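# Fold and geometry: a report
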Amino acid sequence: MLLALLTERPRHGYEIMAELKRLFGPRYRPSPGSVYPAIEALHAEGLIDGQIHDGKTTYRVTPAGEQALQARRDALAALEVRTGARFGDADSIELVLDRFRARLVPLSGRVDPQAIAAVLQRAAADIESLDELPTTKEAN
């Protein structure tokens, strides 16, 4: 989650805590005792780095952190589905598909796979037809 937040833009610790509060409040209130150790662990693993400016350390994701986040896409999507929070590029079809998969995987073994395949085929056809519609920019 912290990697996803820092991928959006570099932030210092207070900004990270404020964004967590905005995303998950009022049920979850981030504390320095949980956020800063997580930041330090990510830093120790080389997944983020920090630069001190005006007495505050601003953290950003390293290339290794970006790779780690990609490896954890399924877990992030499951968190988004569970909490309703959204991270990253809302226009990314990959994130939309990750969230979709996170919603469907728990149904495995409880829903007929043939019925799912039929629904997905219809959905794919509907989505493909969107490519034939003029985009907002083209319509204007």
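Higher on the page you've got the structure.
Residues numbered from 1 in each chain as written. Predicted model: local features only at pLDDT ≥ 70, side-chain atom pairs only at ≥ 80, totals over all residues. Heavy atoms only, no water.

### What about the pattern of salt bridges?
With the rule as written, the count across this model stands at 5 salt bridges. The salt bridge involving Asp98 is made with Arg73; its shortest N-O contact spans 2.7 Å. Placement of Asp98 in helix α6 (residues 93-104) and of Arg73 in helix α5 (residues 73-83) is noted, with a sequence separation of 25 residues between them. Arg73 sits in the partly exposed class, given a relative accessible area of 25%. Put simply, Glu80 and Arg99 hold a salt bridge, and the shortest N to O gap is 2.6 Å. Here the residue Glu80 occupies a position in helix α5, and Arg99 occupies one in helix α6, the gap between them amounting to 19 residues. (Salt bridge = Lys/Arg side-chain N within 4 Å of Asp/Glu carboxyl O. Helix = DSSP H or I, 4+ residues; strand = E, 2+ residues; numbered from the N terminus. Buried < 20%, exposed > 50% of the residue type's maximum accessible area, 1.4 Å probe, protein only.)

### What about the pairing of strand β2 (residues 48-53)?
With 6 bridges joining them, β2 and strand β3 (residues 56-61) adopt antiparallel strand pairing. By the bridge assignment for β3, His53 is matched with Lys56. What sits between the antiparallel neighbours β2 and β3 is a turn of 2 residues, in which Asp54 has the positive phi angle 55°. (Pairing = 2+ DSSP bridges.)

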